[in-house]
Amino acid sequence: MKKANLTHFHTQNSSLKRPLCFSALALGIVLGISGCSGDDGENGLAGTPGVDGQDGSDGTNGNPGFSAATFILANNGEQNAGTVDLINQNAAKLKTFNTTANEGVAFDSLGNLIQASDSENGSIKTICQLANRDDGASFSTNQDREITGPATTLVNPKGIAIAKNSGLIFIADFGAMQITTFGSAAAGDAAPLATTVTEAAPWDVDYDHVNDRLYVALTNGDVAVYDNFVSGEFTAMPSRTITPSDADGVQISVNIHGIVYDETTNKLILSDVGSASDATDGALFVINNASTAQGNTSVARSISGPATMLGNPVDITLEGSDLRVAEKSNDTILVFSNIFAGESGDIAPDLSTASTKPESITNTLTQSSMADISDSTEPNMALLGVAVSSNPSTAGDTTGQISRLNTALSSELASYNASQTIESVSFDKAGNSYATFDNASTGMGGIVISTKVAYNRDGETFNASQDRLISGSNTGLISPKGLDIASDSGMIFVAENNETTPSIAIFSSCATGDVSPLMTLTFANNDARPWDVDYDSNTDRAFVALTNGTVAVFDQVKNKLLSGETTISTEDRLITPANNSQALAGPTNIHGIDYDSLSGALILSDVGSAAVADDGKIYVLNNTANASGLVNISATISGPNTLLGNPVDIMYSGTDLYVAEKSNNVVMRFNNILSTAGGDISADASMAFSAPESVAILPAWLNQ
């Protein structure tokens, strides 16, 4: 049920006597139309010659000109429970999605919808990339996921808040009388990371991520406040309680449901349903200085009475200073403009739109405009560090480890153990890690997805309360190697290297368990086996490193997926690296691949013979966006000074190239890779590391 605090301006035209209409483009997803024109008044009677006629009647005022925005509205009526509507700023329906859930809604930073449900068993569902889904589409086990089952302790989950920086979901569980905490990547019948028992049944929560403070709306009319909630290991007792009161200190709250904390103003907005059976006794309260308020607190503003249309205001969301209310008993969406200003009392809403049994409302969030880590085009980009996975031939202390090194490659900053035999690791734009693994004893591979490894989880290991696996016979994953994440499209590209069914398998980034790929890419040469893949979202192309020394290129991958295709049976183009228009002499065995869409350059690593520790190479190929066939190499790095033997993985930072050199147990950096002349040159920085299998840059903006 959570709420952005974006500042927008609101223009109101209720005092004008003539029709007036404002319009604006909706943010990101759809076109939203702002205020509508009012009705013209009737003409007055004509006057006799020389005498003024009678004035006409006033026209009807149009809707206020709210700033363009989109919202998700959860429905919970007899006929519409289990659906959500995408609506614009005037509550006009744009599309409907069947989530099969009926309670609180929130968005994570990747554009995935998180929704609570108590219609059957208590559950939390994640709907992947809702903005990209078709009108009328439904929850899919291949694309989406669910937390449910006895171990979850979920009974009647209602409101949700997401701690985006720490990757946690806080759930107000009314039936269990507790706040239940999971990691944002968790799935299935996972035990909570923590449970916090409340003094009364909670209905909603909001989280101040800057100050690590949790606000809980209780149905006894109080607000419980937990300071240092996460850093205090999910504090068991509230730091203080806020009770909305009148000027005399007498409590006026009865049954608080909706809650919003506005970090900009340090104010709380609360909705109170009063008696659930009374359709006239709802109220809204504004609390000043929320971060320090305690005990019976005189409200800065209260709104209630017949003109307000407030009966059971079950949820609220704030956009700038405009408060939207899901008013369930009166079947309407209400908008109160400038909620922080104005008198208290029986104030009519600025807009009322009919809606059948609305249960929860939240604004859609603008996703990060930054490129995925493998698509970096920003020169000299600041980095948090460099992530490296370890995969020694004999299991040891570093098996399954994802380490974070500093960019100077002089020290290890942190490490996380994925509890699997890791092949390759990458990250989405939220800082979650995705690592391929294989299991020799089961002959099965998979993907382990872990929350916030890019900058948290130091010294921690895989935990089903926070993390999850994609694995099983339906996945087709046996010997997966390199992978790439397309965050804005919700796709994971995996290079499946097994001899029988080599392919690129594309999975939903929200999926869990034994799911089938959304799409597979196979090759014209049946003997071609992929080791790594780089998907370029700007051009919708997948570049695949093949161990026969070529690069397969697939065009329009996402477009074909959205059009319903599930298999692309052959590449659109095949690139063969060459010198003087002659294919390279064997052995050539391409492993690492990185395409730079800004320059059109393709960077490759060639391990040569896997049994030889000094024949590795790095290639730079220019102008490869539309290239096919033999493409001459513009620069080659090779020779004893390079320490290149088996450079199994690479990643380009927008300026420099990081290399995981496995046979020589070293991680290296070659500066200004696109302008290098090549040759037998030493790396600009290097660090000893046990059997590095993959490398990934960690941009500093991941932690913002």
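Shown above is the structure to which this text applies.
(A) Up close: the overall build of the chain. Tallying secondary structure elements over the chain gives one helix and 52 strands in all. Taking 27 Å as the expected radius of gyration for a compact globule of 704 residues, we find that the chain reaches 29 Å, a close match to that expectation. In terms of overall dimensions, the chain has C-alpha extents of about 100 × 70 × 40 Å along its principal axes. A fraction of 56% describes how many contacts in the chain between residues 6 or more apart in sequence connect residues 24 or more apart. Here the chain has roughly 25,800 Å² of accessible surface; of this, 47% comes from carbon and sulfur atoms.

(B) Up close: the sheet that holds strand β29 (residues 422-427). Taken in spatial order, the four strands of this open sheet run β29-β30-β31-β32, and their pairing is antiparallel. Two strands lie at the open edges of the sheet, namely β29 and β32 (468-471), each paired on one side alone. Each neighbouring strand pair of the sheet contributes to a mean axis angle of 20°, computed without reference to strand direction. The pairing of β29 with strand β30 (residues 433-439) spans four bridges and is classified as antiparallel. Among the inter-strand pairings, F427 is bridged to a residue of β30, identified as S433.

(C) The arrangement of the nonpolar core in detail. In terms of nonpolar packing, the biggest core is built from 35 residues, with I402 and F427 touching the most fellow members. Of all the secondary structure elements, the ones that give two or more residues to this core are β26 (383-390), β27 (401-405), β29, β30, β48 (647-652), β49 (657-661), β51 (685-688) and β52 (692-699). Grouped together as the second largest cluster of nonpolar side chains are 21 residues, I506, A542, L546 and A552 included.

(D) Fine view of unusual backbone geometry. Here the amide bond leading from G586 into P587 is cis, since omega sits at 0°, within 30 degrees of zero. In this fold, P587 is placed in the loop between β42 (582-583) and β43 (590-596). The backbone of M177 shows a phi angle near 50°, a positive value even though the residue is not glycine. Summarising the element assignment, M177 is placed in the loop between β9 (168-173) and β10 (178-183).

(E) View of the pattern of salt bridges. Under the counting rule described, the total for this entry stands at 17 salt bridges. Residues K158 and D118 are paired through a salt bridge, measuring 2.8 Å at the closest nitrogen-oxygen approach. Taken together, the residues K158 in strand β8 (residues 157-163) and D118 in the loop between β5 (113-117) and β6 (123-127) connect sequence positions 40 residues apart. D118 shares its class with K158; the two are buried. For D227, the salt bridge goes to R213, with nearest N and O atoms at 2.6 Å. Of this pair, D227 sits in strand β14 (residues 223-227) while R213 sits in strand β13 (residues 213-218), and the two are 14 residues apart along the sequence. With respect to burial, D227 and R213 carry one shared label: buried. When salt bridges that share partners are traced, they join D208, R213, D227 and R240 into one network.

(F) Inspection of the environment of M309 at higher detail. Counting through the fold element by element, M309 comes out in the loop between β20 (301-304) and β21 (313-319). Here the alpha-carbon distance between M309 and P502, two residues 193 residues apart in the chain, equals 62 Å. In this structure M309 touches E327, N330, T332, L334, P349 and S352, once residues within four positions along its chain are discounted.

(G) Fine view of the state of the cysteines. The full count for this structure, using the stated rule, is one disulfide. Note on cysteine connectivity: C128 is disulfide-linked to C510, with sulfurs 2.4 Å apart. Handedness here is read from the sign of the S-S torsion; for C128 and C510, about 75°, the answer is right-handed. One end of the pair, C128, is in the loop between β6 and β7 (145-148); the other, C510, is in the loop between β35 (503-508) and β36 (519-521), with 382 residues separating them in the sequence. You'll find C128 and C510 in the same group, each marked buried.

(H) Examining the pairing of strand β24 (residues 351-354) more closely. Of the two faces of β24, only one is covered, namely that formed by L351 and T353; the face formed by S352 and A354 stays uncovered. Pairing of strand β23 (residues 332-336) with β24 involves four bridges; the strand directions are antiparallel. Following the sheet pairing, L334 is matched in β24 by S352.

(I) Region of interest: the packing of aromatic side chains. Per the stated rule, a full pass over the model turns up nine aromatic pairs. With centroids separated by 5.1 Å and ring planes inclined at 55°, the aromatic side chains of F170 and Y207 adopt a geometry described as tilted. Of this pair, F170 sits in strand β9 while Y207 is found in strand β12 (residues 202-208), placing the two residues 37 residues apart along the sequence. Take F170 and Y207: they sit in the same class, and that class is buried. When the ring of F543 is compared with that of Y595, the centres are 4.2 Å apart and the planes differ by 15°; the resulting orientation is stacked. Of the two residues, F543 is situated in strand β38 (residues 541-546) and Y595 in strand β43; the sequence distance between them amounts to 52 residues. Just as F543 is buried, Y595 falls in that class too. Of the aromatic side chains, those joined through ring pairs into one cluster are F170, Y207, Y226, F229 and F234. Lying across the ring of F139, K125 places its NZ or CZ 4.9 Å from the centre. Note that R324 overlies the ring of F66, its terminal NZ or CZ placed 5.3 Å from the centroid.

Reading guide: rules and limits
- Residues numbered from 1 in each chain as written.
- Predicted model: local features only at pLDDT ≥ 70, side-chain atom pairs only at ≥ 80, totals over all residues.
- Heavy atoms only, no water.
- Helix = DSSP H or I, 4+ residues; strand = E, 2+ residues; numbered from the N terminus.
- Rg over C-alpha atoms; globule rule 2.2 N^0.38 Å.
- Contact = heavy atoms within 4.5 Å.
- Areas by Shrake-Rupley, 256 points an atom, 1.4 Å probe, with all protein chains shown as cover.
- Pairing = 2+ DSSP bridges.
- Axes fitted to C-alpha atoms, helices over the stretch in contact; angles between N-to-C directions.
- Core = buried A, V, L, I, M, F, W, Y, C linked by side-chain atoms within 4.5 Å.
- Buried < 20%, exposed > 50% of the residue type's maximum accessible area, 1.4 Å probe, protein only.
- Salt bridge = Lys/Arg side-chain N within 4 Å of Asp/Glu carboxyl O.
- Disulfide = S-S within 2.5 Å.
- Phe/Tyr/Trp six-rings, centres within 6.5 Å; stacked < 30°, edge-to-face > 60°.
- Lys NZ or Arg CZ within 6 Å of the ring centre and 35° of its normal.

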